[in-house]
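Chain by chain, the residues run as shown.
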Amino acid sequence: MPLIEARGLTKVYRLGRVDVPALRGIDLEVHEGEYVAITGPSGSGKSTLMHILGCLDSPTSGSYRLDGRDVSGLRGRALAHVRNRKVGFVFQTFNLMPRMTTDENVALPLQYRGGISRRARLRRARALLERLGLGERIGHRPDELSGGELQRVAVARALIGEPAILLIDEPTGNLDSKAGAEVLKTFREVHDAGNTIVLVTHDPNVAAEAARTIRLVDGEVAA
Amino acid sequence: MAERRAWAAWSEWGDLALDALREIRAHKLRSVLTLFGIVFGVASVVSMTSLSSALEDMAYDELQRMGMPRTFRLVDRGPRSDVSRAEELRHVGLSLGDIDALTRLRGVAATFGRNFAGRQLASTELDQRVIPIVGVDAAYLRFRNWPIVRGRELAPLDIMNASRVAVIGEELVKPFFGSAEPIGRTIQLDGVRFRVIGVVAPIELELVPADFSFLARRIYVPYTYVTRYYRGRRRVDDVMLKVADDFDFPKVMLAGATLLRQRHRGSEDFEIENEAADLASDLAMADNVLAGWSIVLFTIAGVTLIVGGVGLFSVLLISVRERVREIGIRMALGADGPDIRRLFLVESMILALLGAVLGVAGGTGLVMVTEAIAAGFGRDFFVPVHLPGAVAAVLFALVVGVVFGWYPASRAARLNPIEAIREL
């Protein structure tokens, strides 16, 4: 059974009186352990698709099964809980909490899972940071870290909840080439460890990292 | 299991408090300015309730001092004119024997007989005037808290012997004796020579509007003297009874009246004056006045607190707008609406609590300043911080925090995560 199974996903935004279709019927399957890149020019619908796959948004029509559960009808709190357990996000601009230390940032998703003590959460976060080679950065604030380190902390935060999929949005957009390469290496290691990655990018070099590339044009999967 | 869930819930509040404190610390100036209203509101509640309760205590003290707690009087009322029953016609009258009997009654701690000798001519070499002469019992002046400023007061021996000794009012010292020492000197009352043994002053009250200056214009002699030379037949005008602390006041009062009725063979020739009850009603009236003041003060403080709440409200709205992106990230990581609402509600409550704590400190400071000013005027004015008032103010500030935090927090909770993240 595929981890992600999308059938005929559409998304229509209403701008005033005009309906603007962003997705026009996407069929997509991602199996466990895959490394998939979604590419396409801006406006092709790749951000919208990522939001739906990441349970930040729900499709206008079509079905979406994530890890065996149909989540296309979920809204609000239910969607938030799926997001917390099944999805790990890595954003283009890292989006770490500036006033929290690295380990506190990484532990944050566990806070919203509930029932795990702060001490246990931080212990898990530190262990994960050690594993990703960021042990020396534990206890530091984001403004003391380099861009590459920040992105790796963000990866750790995405992985802490042991999600079904890792959703990565333009990971190298804000990094120089050296830091970019470093981050891509981290993704490869994470993938090698058995994680499923869906990466959204318009950079062909980044997309080349993935085993499979899905190209979107005007809200449809290009052949 | 339930225990574990409860613990987890508590630890979650701890996490939220930590987040809130971090946010408050990052905006110290703004937070302090936000809290001004709440600080002032709480400070005014604390200082006002402390002052009013201290004044209340002082007034209560004075009433206790001027009054006679747990006492009643049995007063001879003379023959009645409107009686129909024969035995009531027969007026027996209060006597020294009655006082002896009442003194031995269970539950009676002390008795004080009294006789009014009326206005009599008093004279010394310096002056002569008509002065009210009152016959009182031993230690009566002290029992009424009327201060003996010189010499001593009437002693049991003076009463037993019906001695010709007098305690004179303070205002009479100068006209009768000039600047000379009055103790040991002689004063003629109604033609009889008395030795002055003491001087009594009026009690001074600051808060209770009662004039006791007449005390200083009277002369006090043993009531037994008045019985012997003015009343005759061992008669006494009235007797005051003090009820022992561990006895039921109404029961003793009833027992006293019953005893007297028996001794007078059923004649209702006396009245019971319950001055303690009169005092209690005075105290209740004072309480009412102060309660009225408390309502006014609480209203003012409440309005201040609500104004403080509006300040909190606007700053939280600004904070929510500033933190849209942070809210989006938290939502992407799995925070649901209630999680986000709690985040801001806890911040609001902590701000309010902080304001309340500062307010309690400020109010305590105000109270201390008041004490210092009173001390500067040479007045001893101890004002303890009124704990119920402080607790009420802190709780009310917390309520203000929740009420005025609710809307901004709910607005944050309703944000769309995609739009919130897009604010990059």
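Fair warning: this is a prediction, and the values are worked out from it, not measured in the lab.

Novice: Explain helix α6 (residues 177-192) of chain A to me, and be specific about the residues and the numbers.
Specialist: Residue and element names in this part refer to chain A. With 16 residues, α6 extends 22 Å between its outermost C-alpha atoms, agreeing within 8% with the 22 Å of an ideal straight helix rising 1.5 Å per residue. Those residues of α6 that fall on the buried side of the exposure criterion are Ala179, Gly180, Val183, Leu184, Thr186, Phe187, Val190 and His191. Seen from one end, α6 has its buried residues packed into an arc of 155°, which puts them on one side. Exposed side of α6, more than 90 degrees from the buried face: Ser177, Lys178 and Asp192 are the residues found there. Each element contacted by the buried residues of α6 is listed here: β3 (35-39), α5 (147-159), β7 (165-169), β8 (196-200) and α7 (204-207). Glycine 194 sits one or two residues past α6 and shows a positive phi near 110°.

Novice: Give me the lowdown on the environment of Thr172(A), citing residues and values where you can.
Specialist: Residues and elements named next belong to chain A. By secondary structure assignment, the location of threonine 172 is in the loop between β7 and α6. In sequence terms threonine 172 and glutamine 92 are 80 residues apart; their C-alpha atoms lie 7.0 Å from each other. Setting aside its immediate chain neighbours within four residues, threonine 172 contacts Gly180, Leu184, Asp203 and Val206.

Novice: Hey, could you go over the pattern of salt bridges for me, with residue numbers and the actual values?
Specialist: Here the structure, examined in full by the defined rule, presents 33 salt bridges over all chains. For the salt bridge of Arg7(A) with Glu5(A), the shortest nitrogen-to-oxygen distance reads 3.5 Å. Arg7(A) gets classed as partly exposed once you look at its relative accessible area, which sits at 35%. The residue Asp158(B) makes a salt bridge to Arg152(B) at a minimum N-O spacing of 2.9 Å. The exposure class assigned to Asp158(B) is buried, which follows from its relative accessible area of 7%. Relative accessible area serves as the criterion here: at 35%, Arg152(B) is assigned to the partly exposed category. A network of salt bridges, in which partner residues are shared, links Arg99(A), Glu104(A), Arg118(A), Asp19(B), Arg22(B), Glu23(B), Arg323(B), Glu326(B), Arg330(B) and Glu347(B).

About the cut-offs
- Residues numbered from 1 in each chain as written.
- Chains lettered and ligands numbered in written order.
- Predicted model: local features only at pLDDT ≥ 70, side-chain atom pairs only at ≥ 80, totals over all residues.
- Heavy atoms only, no water.
- Helix = DSSP H or I, 4+ residues; strand = E, 2+ residues; numbered from the N terminus.
- Expected span 1.5 Å × (residues − 1).
- Buried < 20%, exposed > 50% of the residue type's maximum accessible area, 1.4 Å probe, protein only.
- Arc of directions from axis to C-beta.
- Contact = heavy atoms within 4.5 Å.
- Salt bridge = Lys/Arg side-chain N within 4 Å of Asp/Glu carboxyl O.

On their own, these measurements won't tell you what the molecule is for.
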